[in-house]
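Architecture at a glance
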2 protein chains.
Amino acid sequence: MNLARTTSTTKGKECEAVPSDGKPGAVGVDPEQLWLRPTEPRRGRRPSFSREAITAAAVTLADAEGLEVVTMRRVAAEVGAGVMSLYSYAPDKETLLELMVDHVSGELTVTDPPSGDWRADLKTVAHLQRAHMLRHPWLPAALTTRRVPGPNTLAFLEHVLAVLRPTGLDGAAKLEVFAQLTAFVAGHVGHEIAQAAVSRSPDRAAAEGRYLAAVAADGSHPELAEALSAPGRPLTPEATFTRFLNRLIDGLDTD
Amino acid sequence: MNLARTTSTTKGKECEAVPSDGKPGAVGVDPEQLWLRPTEPRRGRRPSFSREAITAAAVTLADAEGLEVVTMRRVAAEVGAGVMSLYSYAPDKETLLELMVDHVSGELTVTDPPSGDWRADLKTVAHLQRAHMLRHPWLPAALTTRRVPGPNTLAFLEHVLAVLRPTGLDGAAKLEVFAQLTAFVAGHVGHEIAQAAVSRSPDRAAAEGRYLAAVAADGSHPELAEALSAPGRPLTPEATFTRFLNRLIDGLDTD
DNA sequence: CTCTATTCTCGTACGTCGTACGAGAATAGA
DNA sequence: TCTATTCTCGTACGACGTACGAGAATAGAG
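All values derive from a computational prediction rather than experimental measurement. (Residues numbered from 1 in each chain as written. Chains lettered and ligands numbered in written order. Predicted model: local features only at pLDDT ≥ 70, side-chain atom pairs only at ≥ 80, totals over all residues. Heavy atoms only, no water.)

Quick notes on the overall build of chain A
Assigned secondary structure in chain A consists of 11 helices and zero strands. For chain A, the N- to C-terminal ordering of α and β elements is α-α-α-α-α-α-α-α-α-α-α. For chain A, long-range pairs separated by at least 24 residues make up 77% of all intrachain contacts whose partners lie at least 6 apart in sequence. Put simply, chain A shows about 11,800 Å² of open surface, and 55% of that area lies on carbon and sulfur atoms. (Helix = DSSP H or I, 4+ residues; strand = E, 2+ residues; numbered from the N terminus. Contact = heavy atoms within 4.5 Å. Areas by Shrake-Rupley, 256 points an atom, 1.4 Å probe, with all protein chains shown as cover.)

Structure (structure tokens):
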């Protein structure tokens, strides 16, 4: 089997299997169409670009200026292609996003074999994920939609499963641990990034402080008033993350 | 002080304090402008609609058809207003979203006082939040952006802080527990919803199964192959949630 | 009452988005 | 050389968020 890591062509027309009803839990991209495409088509005009290059450009853009500037027009301009040319490499924008997520997951490659202490290994994995998401701040938001694991994500998953081997958990449980851990890290980092953004804007931070102070001052929120008046020493995001992560993982057992 | 729970007017023009630079961590709505507006303006034409009604319509829409159908045009149509009339009640769409989030948080009102067993209380709170998010499946996605707590959110926060009183944690730590717990629940439910959406589409579920089977079959992912071949008994989302939640909360201590 | 300042309503219009369509360019095998 | 195939991309469409400003409704002043 070949996981289509290399350039491969995906004509937009071909991907009409899933009608995508637009309901709350609308379902996204067909994984077989996306990741299992053979690299055969060696006829017709030779491609001028590559899925890799396009995806990389989109990632660079998102890293530098945020997910919202990743538009088909902008990505095309960055790559030097016509807008509609992108659709030869990804059937739609959602798929491009999926490609971006898996693309950056390539950075998560771990070479060290599991140490045998699966709790410690899991913590390392989580810290890796956190650093990864901080490097690509658009990731937590992009992960709220369901993603089909691409080759890079699968490689990482493979590593986590190996880490979990000593637990003796069954397959479904191991996969669940992976999903929950990722969701936990994404949730934390998403919050961490938003918090940092507020702090970076002094006007905004001040406005928020004044607002909360006003709320606390009117007597209807005594617990909040006390919490704000006795803040304790400020907590670094790193420390908070480690704290909660340790709680979560140390609590896991293998029953 | 009055938290503007009732109808209040917010002319779009007035909210130009924060330029909103569009950077990755762009900062949203001014809380003082949004939640602390006095209800004075008793002159000029009387409003034909209300912030409440508009927000409620938007929520109903999101619940029924998903966040992506919540457009200014659609909401206006639902309410029977002209599109631009909405801008008399919320300065922009992002603010409307913020209003929606706080609106549904009104359902989270808890009347029972804390029992004294803060771990049990916290678990109850988390289950409440999960049920809440399942009722409004757009919430996990909407919560990835930073929100300024509105009156309903503050009421709920107040309750959680009361629950945490016996822990003796300092203010910052309590607030952190609240944020982390919410992020955890949002992460879990987001995943749960997406998973359910895939399962609801048999074609899609089958395609995904075939894809993973193909990946597992080629030998390069032995751990995945084994996990898929020895799945164990299927886990209900409810059980998984409870499991991880208990790990997290039982691990919390008051040092 | 009339006048005026204020507030809300909403039709029109602009720029941007994702992307359907299809004409043309490039290439591989017959 | 011809033909089938594949890629490129200009044009165009409908939907989006929302700026603008003309008109309608209302409250207080005279």
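Observations concerning the packing of aromatic side chains
Given two aromatic rings, their pairing is described by the distance between the two centres and the angle made by the two planes. Residue and element names in this part refer to chain A. Applying the stated criterion to the full structure yields six aromatic pairs over all chains. Relative to phenylalanine 241, the ring of phenylalanine 184 lies with its centre 6.2 Å away and its plane at 25°, an arrangement referred to as stacked. Taken together, the positions of phenylalanine 184 in helix H8 (residues 171-200) and phenylalanine 241 in helix H11 (residues 237-251) put the pair 57 residues apart, joining distant regions of the chain. Judged by relative accessible area, which is 4%, phenylalanine 184 ranks as buried. (Phe/Tyr/Trp six-rings, centres within 6.5 Å; stacked < 30°, edge-to-face > 60°. Buried < 20%, exposed > 50% of the residue type's maximum accessible area, 1.4 Å probe, protein only.)

Some thoughts on the pattern of salt bridges
If you walk through the whole model with that rule in mind, you get 20 salt bridges over all chains. Residues joined by salt bridges that share partners form a network here, namely Glu65(A), Arg74(A) and Glu78(A). (Salt bridge = Lys/Arg side-chain N within 4 Å of Asp/Glu carboxyl O.)

Remarks on the nonpolar core
Grouped together as the largest cluster of nonpolar side chains are 121 residues, with contacts concentrated most on Leu122(A), Trp138(A), Phe184(A), Tyr211(A), Leu122(B), Trp138(B) and Phe184(B). Excluding residues within four positions of it along the chain, Trp138(B) makes contact with Val59(B), Ala62(B), Asp63(B), Leu67(B), Met100(B), Val101(B) and Val104(B). (Core = buried A, V, L, I, M, F, W, Y, C linked by side-chain atoms within 4.5 Å.)

What to know about the interface of chain A and chain B
Contact with chain A, which involves 81 residues of that partner, is made by 81 residues of chain B. Of the roughly 7,200 Å² buried between chain A and chain B, counting both surfaces, carbon and sulfur atoms make up 60%. The tally of links between chain A and chain B comes to four salt bridges. Between Glu223(B) and Arg165(A) there is a salt bridge, and its shortest N-O distance comes to 3.1 Å. In this structure, the connection of chain A to chain B is made through 18 residue pairs in polar contact (both at pLDDT 80 or more). Top contributing element to the side of chain A that touches chain B by residue count: H8(A), with 19 residues. The class makeup of the residues in the side of chain A that touches chain B is 41 nonpolar, 17 polar and 23 charged. (Buried area = accessible area lost by both parts, 1.4 Å probe. Polar contact = N/O pair within 3.5 Å; in protein donor to acceptor, adjacent residues only side chain to side chain. Nonpolar A, V, L, I, M, F, W, Y, C, P; charged D, E, K, R; others polar.)

Details of the relation of the copies chain A and chain B
When chain A is fitted to chain B, the best match, at an RMSD of 0.1 Å, comes from turning it 180° and sliding it 0.0 Å along the axis. Taken together, the rotation angle and the small translation identify this as a two-fold axis. For chain A, the minimum C-alpha distance to the rotation axis belongs to Leu248(A) and amounts to 2.3 Å. Most of the interface of chain A is mirrored in chain B, where 100% of its interface residues are also at the interface. (Least-squares fit on C-alpha atoms with pLDDT ≥ 70 in both.)

Overview of the packing of helix H5 (residues 118-135) of chain A against helix H7 (residues 151-164) of chain A
Residues and elements named next belong to chain A. Contact geometry of H5 with H7 gives a least axis separation of 9 Å together with a crossing angle of 155°. One way to sum up the angle between H5 and H7 is to call them roughly antiparallel. From H5, Trp118, Asp121, Leu122, Val125, Leu128 and Gln129 reach across to H7, where they touch Phe156, His159, Val160, Val163 and Leu164. (Axes fitted to C-alpha atoms, helices over the stretch in contact; angles between N-to-C directions. Parallel < 35°, antiparallel > 145°, perpendicular 65-115°, else oblique.)

Topic: helix H10 (residues 222-229) of chain A
Of all the positions in H10(A), only Glu223(A), Leu224(A) and Ala227(A) are classed as buried. Along the axis of H10(A), the buried residues cluster in a sector spanning 95°; they form a single face. Summarising the geometry of H10(A), the exposed residues directed more than 90 degrees from the buried face are Pro222(A) and Ser229(A). Among the structural elements, helix H9 (202-217) of chain A together with helix H7 (151-164) and helix H8 (171-200) of chain B are those in contact with the buried residues of H10(A). (Arc of directions from axis to C-beta.)

Some points on the confidence of the model for chain A
The pLDDT averaged across chain A works out to 86; a share of 88% of its residues lies at or above 70. Across residues 1-25 of chain A, where pLDDT falls below 50, the model places 62 contacts with residues more than four positions away in sequence or in other chains. (pLDDT = per-residue confidence, 0-100.)

Quick word on the environment of Ile193(B)
All names here are of chain B. Within the secondary structure layout, isoleucine 193 lies in helix H8. Taking relative accessible area as the criterion, isoleucine 193 reaches 16% and is therefore assigned buried. Excluding its chain neighbours within four sequence positions, the residues that come into contact with isoleucine 193 are Met133, Leu134, Pro137 and Pro140.

A closer look at the side chain of His221(A)
Tracing the backbone through its elements, the reader meets His221(A) in the loop between H9 and H10. Of note is the side chain of His221(A), whose polar atom sits 3.0 Å from the side chain of Ser220(A).

A short note on H11(A)
For an α-helix, 3.6 residues make a turn, and residues three or four places apart therefore share a direction. Given a rise of 1.5 Å per residue, 15 residues ought to cover 21 Å, and the 21 Å separating the end C-alpha atoms of H11(A) matches this to within 8%. Burial in H11(A) covers these residues: Thr240(A), Phe241(A), Phe244(A), Leu245(A), Arg247(A), Leu248(A) and Ile249(A). (Expected span 1.5 Å × (residues − 1).)

Some words on the environment of Ser115(A)
All names here are of chain A. Within the secondary structure layout, serine 115 lies in the loop between helix H4 (93-105) and H5. Each C-alpha atom of the pair serine 115 and valine 163 lies 7.9 Å from the other, and the pair is 48 residues apart in sequence. In this structure the side chain of serine 115 is engaged in a polar contact, spanning 3.1 Å, whose partner is the backbone nitrogen of aspartate 117.

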